[in-house]
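# Overview (structure and organization)
So the chains spell out like this:
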Amino acid sequence: MESIQLDEIITLGQFLKHEGIIGSGGEAKWFLRENEVFLNGELENRRGKKLHDGDELNLGDFGHYRIEYPK
């Protein structure tokens, strides 16, 4: 699992773009429809879902991440 440190709360769609998994925010809807994404062990398909400190994001072949924000 890779820890990703972010400066501010972002959405799942923004995270996918931040990590270079998708090229633009418009691709998030397609990506989430075509790939199983698990947030804290539960299936998640909302690109606007906010990611919080300590969240675990499992993108299958695209990686497994832990979200961290400054304390």
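Read on for an overview of the structure. (Residues numbered from 1 in each chain as written. Predicted model: local features only at pLDDT ≥ 70, side-chain atom pairs only at ≥ 80, totals over all residues. Heavy atoms only, no water.)

## Focus on the overall build of the protein
Stated formally: Secondary structure elements are taken from DSSP: a helix is a run of H or I of four residues or more, a strand is a run of E of two residues or more, and numbering for both begins at the N terminus. Only the C-alpha atoms count toward the radius of gyration. The rule for a globule is 2.2 Å times the residue count to the power 0.38. Partly exposed describes any residue whose relative accessible area lies between the buried limit of under 20% and the exposed limit of over 50%, with all areas from a 1.4 Å probe on protein chains only and scaled to the type maximum. We call two residues in contact whenever any of their non-hydrogen atoms come within 4.5 Å of each other.
What the protein contains, in helices and strands, is two helices and five strands. The helix and strand sequence of the protein, counted from the amino end, reads β-α-α-β-β-β-β. The globule rule puts the C-alpha radius of gyration for 71 residues at 11 Å, and the 11 Å found for the protein is close to it. Taken over the C-alpha atoms alone, the protein extends approximately 35 × 25 × 20 Å along its principal axes. The burial tally for the protein puts 34% of its 71 residues in the buried class. Restricting the contact set of the protein to residue pairs at least 6 apart, pairs at least 24 apart contribute 45%.

## Quick notes on the packing of aromatic side chains
Our working definition: Each Phe, Tyr or Trp ring (for Trp, its six-membered ring) is paired with any other whose centre lies within 6.5 Å, and the angle between the two planes then decides the class: stacked below 30 degrees, edge-to-face above 60, tilted in between.
Overall, the coordinates contain two aromatic pairs when judged by the stated rule. An angle of 70° between the planes, with centres 5.0 Å apart, marks the rings of phenylalanine 31 and phenylalanine 62 as edge-to-face. Linking phenylalanine 31 in helix H2 (residues 27-34) with phenylalanine 62 in the loop between strand E4 (56-58) and strand E5 (64-68), this pair joins segments that are 31 residues apart in sequence. Overall, the relative accessible area of 39% leaves phenylalanine 62 in the partly exposed class.

On their own, these measurements won't tell you what the molecule is for.
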